[in-house]
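Take a look at the letters that make up each chain.
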Amino acid sequence: MIPVASPYLPSRERLDRYIDGIYSRRWLTNNGPLLEELTTRLEDYLGVENLLLVSNGTLALQIAYRVLNITGPGMKGADNERPEVITTPFTFVATSSSLAWEGATPRFVDIDPTTWCMNPKGIRSAITHRTRGIVPVHVFGNGCDVDAIDELAAEYDLKVVYDGAHAFGVKHRGKSLLRAGDATTLSFHSTKLFHTIEGGAIVFRHREDLLRAQRMIGFGIKNPEEIDLLGINAKMNEFQAAMGLCNLDEIEVNLGKRKKIWDLYTRELEPRYQLQEWHPECTRNYAYFPLLFESESQATAIQAHLLSNGCQARRYFYPSLDSIDFLGGGEAMPTSRDVASRILCLPLQSDMDTESAQRILACIP
């Protein structure tokens, strides 16, 4: 079976050297030296400041919401209504379920039919007196229209948290896309382009938000005798950091192998099928290869044909989140539902060879 995604596993010898150091120091968590090294190196590689490593990408979202007062104690208004946060229905469920978990109602705005990112034209009409923030997603690493979104947020004095789970390493006008908004979150789950087995990060615009978040992920403890805010345990441990350091050492090799398969897919499929329209001022990171078919029946038939030939494809992202009752229901988002019904992500990972890619292409008419 060729899986849709597979973890990149770096040099075992390099990883063993990092683990030997962990055993020697007996320092497993609580801001250890490998975590500090990974933080510094990621800031340098990504071209960002105020980066905070956390234990997973969902907690990264929740911490960002809380630090920026999008969710948290006292967020209900005088009418005791739940706050609303504007977001996209075309994404992994964690973007919205993390809001619902925090007591907020996702207020969906439909997507652009070609870029598949949130359409900024729908944001203004979605803003109400209960709106607390905006959470767009750089879908498959494709940069949102950050200029339009940030301009609207400034006009209405709303915080913006970008879900950048797919956007590792992407640049916008020569600078990191992760610098947009008040914060951008990352997922370092094992199947991501860059991973720490499980893990995530938040890039804050302001240092004071980073400092508050640092205390928040350590139970709100300011010092051994003082706890000054409501916190939780969201710390990354040294073994996760060790894997991250190894993967960062080999990131260019990983990217090069992915690009080779991505280029082959593009040459063969772009003349016949709709691919995602990429932001013209953003670079690519070759994290995913989504393909849009003419109909849902065609997409599911090809998915079944691929599976019968030992190739897994996934319906990222299906179903459209506006159709899920526990996320608030509400108005249907027709473009998101349409795209979600017709899309497949093809297998793409660094250890794929050309023969495997050709086997997949042979299943797509």
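The structure reproduced in this document is the subject of the present report. Predicted model only: the values in this text are computed from it and were never measured.

The grouping of Tyr23, Leu28 and Phe239 at the surface amounts to a nonpolar patch, some 330 Å² of accessible area in total. Inspection of the secondary structure puts Tyr23 in helix H1 (residues 12-25). On the basis of relative accessibility, which here comes to 60%, the residue Tyr23 falls in the exposed class.

In this section: helix H3 (residues 57-67). Of all eleven residues making up H3, nine are buried, and the element is well covered by its neighbours. Those residues of H3 that fall on the buried side of the exposure criterion are Gly57, Leu59, Ala60, Leu61, Gln62, Ile63, Ala64, Tyr65 and Val67. Its side-chain oxygen 3.0 Å from the backbone nitrogen of Thr58, Asn56 forms the N-cap of H3.

Okay, the packing of H3 against helix H7 (residues 207-216) next. Put simply, H3 and H7 touch, their axes get as near as 10 Å, and they point 120° apart. The angle between H3 and H7 falls in the class oblique. Two packed elements cross with a definite hand, and for H3 against H7 that hand is right-handed. Two secondary-structure elements touch here, H3 through Ile63, Arg66 and Val67 and H7 through Asp209, Arg212, Ala213 and Met216. Here the residues of the contact of H3 with H7 are counted per class, giving four nonpolar, no polar and three charged.

Let us look at the side chain of Ser350. On the secondary structure map, Ser350 appears in the loop between strand S13 (343-345) and helix H12 (354-361). What makes Ser350 buried here is its relative accessible area of 9%.

Moving on: the sheet that holds strand S2 (residues 84-87). The mixed open sheet is built from seven strands, whose spatial order is S1-S9-S8-S5-S4-S2-S3. Either end of the sheet is taken by a strand with one partner, and the two such strands are strand S1 (51-54) and strand S3 (105-108). Along the sheet, successive strands turn relative to each other by an average axial angle of 25°, direction set aside. In terms of strand pairing, strand S5 (residues 159-163) meets strand S8 (residues 183-187) through three bridges, oriented parallel. Paired with Tyr162 across the two strands is Thr184, which belongs to S8. Packed onto the sheet, H3 meets S1, strand S4 (131-135), S5, S8 and strand S9 (200-204) and runs at close to 165° relative to S8. Contacts from helix H4 (residues 94-101) reach S2, S3, S4 and S5, with the element oriented near 175° to S2.

Definitions and limits used
Within each chain, residues carry numbers counting from 1 in the order of the written sequence. For this predicted model, a pLDDT threshold of at least 70 governs which residues receive local features, and a threshold of 80 or more governs which side-chain atom pairs are given and counted, while totals over whole chains, interfaces and linings are taken from all residues. Note that the side-chain values use all heavy atoms of the structure and ignore hydrogens as well as water. Like-charged residues within 9 Å of one another, or nonpolar side chains (Val, Leu, Ile, Met, Phe, Trp, Tyr) within 5 Å, are grouped into patches, provided each residue has over 30% relative accessible area and no salt bridge. All accessible-area figures derive from a Shrake-Rupley calculation using a 1.4 Å probe, and residue coverage is judged against the displayed protein chains alone. Salt bridge criterion: a side-chain nitrogen from Lys or Arg within 4 Å of a carboxyl oxygen from Asp or Glu. A helix here means a DSSP run of H or I that spans at least four residues, while a strand means a run of E at least two residues long, and both kinds are numbered starting from the N terminus. Only protein chains enter the area calculation, which uses a 1.4 Å probe; residues under 20% of their type maximum are buried, those over 50% are exposed, and those in between are partly exposed. Counting of polar contacts relies on pairs of N or O atoms within 3.5 Å, with two restrictions inside protein: one atom must be capable of donating a hydrogen and the other of accepting it, and residues adjacent in sequence are counted only when both atoms are side-chain atoms. Lines are fitted to the C-alpha atoms to define the axes, a helix being fitted only along its stretch in contact, and any angle between axes, read from their N-to-C directions, falls within 0 to 180 degrees. For this classification, under 35 degrees means roughly parallel, over 145 means roughly antiparallel, 65 to 115 means roughly perpendicular, and everything else is oblique. It is the rotation of the near helix from the far one that decides the hand of a crossing: anticlockwise by less than a right angle makes it left-handed, clockwise makes it right-handed. Contacts: residue pairs with any heavy atoms within 4.5 Å of one another. When residues are sorted by character, Ala, Val, Leu, Ile, Met, Phe, Trp, Tyr, Cys and Pro go into the nonpolar class, Asp, Glu, Lys and Arg into the charged class, and all the rest, Gly among them, into the polar class. In this description, strands pair whenever DSSP reports at least two bridges between them.

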